[in-house]
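Spelled out from the first residue to the last, the chains are:
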Amino acid sequence: FQGNLYLATNKGELLEVDQETGKIKRRMSLGFELSVRGRMSGGHYFVGNTQGRLFCLDPTAQSLLWSYDCGGQITSPPTVDGEWVIVPTADGKLHCLTILGGIKWVYDIQEAILPETDGVIFKNYFLIGTKRGAVSCVDIWSGGLSWNFKTAGFYEKDQKGIRSSGGVSRGRFFIGSEDHSFYCFSLD
């Protein structure tokens, strides 16, 4: 963001690093350990902790702008797009907040999200894969499920999950699964 990289350490420090020199310009102690990555958007850094709290930080001012209790361990990085922040929790809930910290909706996806799995926003959809191998599409405006697809990994004895974020190209969502399959979904 504006010539700087923002990195969070698992020991709970947010570092502002000059992109050209690699020199640490600022350090901000968060006061808690991190287990998932954060996201920088619009000059704010969004990050969650294992106690279930989502934080919005201003790294330049080194201040906390707001926090929100998700009620369960945050298992995956928040997805930030425009005015929305969506964060999954270990109990299978998706929390959608405004970038100012107001709650828009909570949807119970009923499955955990793996730490390396990020959500993807396309148009008015939030797409994400689950620990048990389902791919879910949630409407951002209503917070309701648009569709859910159970991959082959969902039915295996040792269930295989989704450990990738997937991507969107030409109106299609592509995502790989631990079941050794690659899936394509039309979004138009």
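Visitor: Describe the pattern of salt bridges, naming the residues involved and giving the relevant values.
Guide: Using the criterion set out here, one finds seven salt bridges in the structure. With its nearest N and O atoms 2.4 Å apart, the salt bridge here joins Glu-16 to Arg-26. One end of the pair, Glu-16, is in strand S2 (residues 13-18); the other, Arg-26, is in strand S3 (residues 24-29), with 10 residues separating them in the sequence. Overall, Arg-26 belongs to the partly exposed group, its relative accessible area being 30%. Taking the shortest distance from any N to any O, the salt bridge between Arg-163 and Glu-178 comes out at 2.6 Å. Of this pair, Arg-163 sits in the loop between helix H1 (152-155) and strand S16 (167-169) while Glu-178 sits in the loop between strand S17 (172-176) and strand S18 (182-186); the two residues are 15 residues apart in sequence, bridging distant segments of the chain.

Visitor: I'd like a description of the nonpolar core, backed by residues and values.
Guide: Among the nonpolar cores identified, the biggest contains 13 residues, and Ile-86, Leu-94, Trp-105, Tyr-107, Phe-126 and Ile-140 are the most heavily contacted of them. Counting residues per element, the ones that place at least two in this core are strand S9 (84-88), strand S10 (93-98), strand S11 (103-108) and strand S13 (125-129). Of all hydrophobic cores here, the second largest spans 12 residues; its members include Val-36, Leu-54, Ile-74 and Leu-97.

Visitor: Explain the side chain of Thr-151 to me, and be specific about the residues and the numbers.
Guide: Following the sequence through the fold, Thr-151 ends up in the loop between strand S15 (145-150) and H1. Of the polar contacts made by the side chain of Thr-151, one reaches the backbone oxygen of Gly-133; its length is 2.5 Å. When neighbours within four sequence positions are excluded, Thr-151 is seen to be in contact with Gly-133, Val-135, Ile-162, Ser-177, Asp-179 and Tyr-183.

Visitor: Explain the packing of aromatic side chains residue by residue, including any values.
Guide: What the rule picks out here adds up to eight aromatic pairs. Between Phe-46 and Trp-66 the ring centres are 6.1 Å apart and the planes differ by 55°, which places this aromatic pair in the tilted class. Of this pair, Phe-46 sits in strand S5 (residues 44-48) while Trp-66 sits in strand S7 (residues 63-69); the two residues are 20 residues apart in sequence, bridging distant segments of the chain. Since its relative accessible area comes to 1%, Phe-46 is described here as buried. Judged by its relative accessible area of 13%, Trp-66 is buried. Measuring from centroid to centroid gives 5.5 Å for Trp-84 and Trp-141, while their planes differ by 90°, and the two rings are edge-to-face. Here Trp-84 is found in strand S9, whereas its partner Trp-141 is found in the loop between strand S14 (134-139) and S15, with 57 residues between them in sequence. Among the aromatic side chains, those forming a connected cluster through ring pairs are Trp-147, Phe-149, Phe-173, Tyr-183 and Phe-185.

Rules of the game
Residues numbered from 1 in each chain as written. Predicted model: local features only at pLDDT ≥ 70, side-chain atom pairs only at ≥ 80, totals over all residues. Heavy atoms only, no water. Salt bridge = Lys/Arg side-chain N within 4 Å of Asp/Glu carboxyl O. Helix = DSSP H or I, 4+ residues; strand = E, 2+ residues; numbered from the N terminus. Buried < 20%, exposed > 50% of the residue type's maximum accessible area, 1.4 Å probe, protein only. Core = buried A, V, L, I, M, F, W, Y, C linked by side-chain atoms within 4.5 Å. Polar contact = N/O pair within 3.5 Å; in protein donor to acceptor, adjacent residues only side chain to side chain. Contact = heavy atoms within 4.5 Å. Phe/Tyr/Trp six-rings, centres within 6.5 Å; stacked < 30°, edge-to-face > 60°.

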